Amino acid sequence: MDAIRFYSRTGNTEKLANLLGEQLHVPAKSIDSPIDKPVDRLFLGGGVYNMSADKHLKAFAANLDPEKVKEVFLFGTSGSVFTIEKQLTKVLKKKKIPVADDHLFLHGVMPKMGNINGHQKKEIEAFAKETVTQ
Ligand SMILES: Cc1cc2nc3c(=O)[nH]c(=O)nc-3n(C[C@H](O)[C@H](O)[C@H](O)COP(=O)(O)O)c2cc1C
């Protein structure tokens, strides 16, 4: 079983999470929904704010139960080249939850604009396909 959780302040990562959810046939939910049933793969995403992942997202990751999450795939959006990868990987490693090498980060996404272009939509489709076969 798979699950998608996201933290999104202005809607962009939510939009990405929903597009990914359509591809994976999994509902995308905010981090307000805890992971209560075991999942093989958790897709966990967020935006970048002042060069950092939001503290709520980091807390969500820190509170995950390693017994319930086999592997995490990170995704996210940002205005520039930053991602949540380093910070979230650090938190998840501490929890001994494996983080997949494969991830999906979209850049140049301006706050509230949800400006995900055609090429990026193709990237989302490819990511979904890649992760299914892993
Ligand atoms: C308060 C604020 C701070 C931001 N700081 C950065 C930043 O330091 N680096 C960056 O690449 N993007 C930054 N951005 C852009 C967001 O990462 C980008 O628009 C992202 O898509 C927002 O995701 P969300 O809509 O899911 O919240 C910032 C946006 C906001 C609103």
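Residues numbered from 1 in each chain as written. Predicted model: local features only at pLDDT ≥ 70, side-chain atom pairs only at ≥ 80, totals over all residues.

The chain is annotated in an unreviewed UniProt entry as Flavodoxin family protein of Lentilactobacillus raoultii.

Draft legend 1. How the structure looks around the packing of helix H2 (residues 55-62) against helix H3 (residues 85-94). In the contact formed by H2 and H3, the axes pass within 9 Å of each other and the chain directions differ by 25°. With respect to H3, the axis of H2 lies roughly parallel. Along this stretch, H2 crosses H3, giving a crossing that reads as right-handed. Contacts between H2 and H3 involve Lys 58, Ala 61 and Ala 62 from the former and Gln 87, Leu 88, Val 91 and Leu 92 from the latter. Looking at the contact of H2 with H3, its residues break down into five nonpolar, one polar and one charged. (Axes fitted to C-alpha atoms, helices over the stretch in contact; angles between N-to-C directions. Helix = DSSP H or I, 4+ residues; strand = E, 2+ residues; numbered from the N terminus. Parallel < 35°, antiparallel > 145°, perpendicular 65-115°, else oblique. Left-handed = near helix turned anticlockwise from the far one by under 90°. Contact = placed C-beta atoms within 7 Å. Nonpolar A, V, L, I, M, F, W, Y, C, P; charged D, E, K, R; others polar.)

Draft legend 2. Quick look at the site of the ligand. Around the ligand sit 20 residues, and of these Ser 8, Asn 12, Thr 13, Gly 47 and Gly 79 come closest. Tallying contributions element by element places helix H1 (residues 12-24) first for the shell around the ligand, with three residues. The residue inventory of the shell around the ligand, partitioned by class, reads seven nonpolar, 11 polar and two charged. (Near = placed C-beta within 6 Å.)

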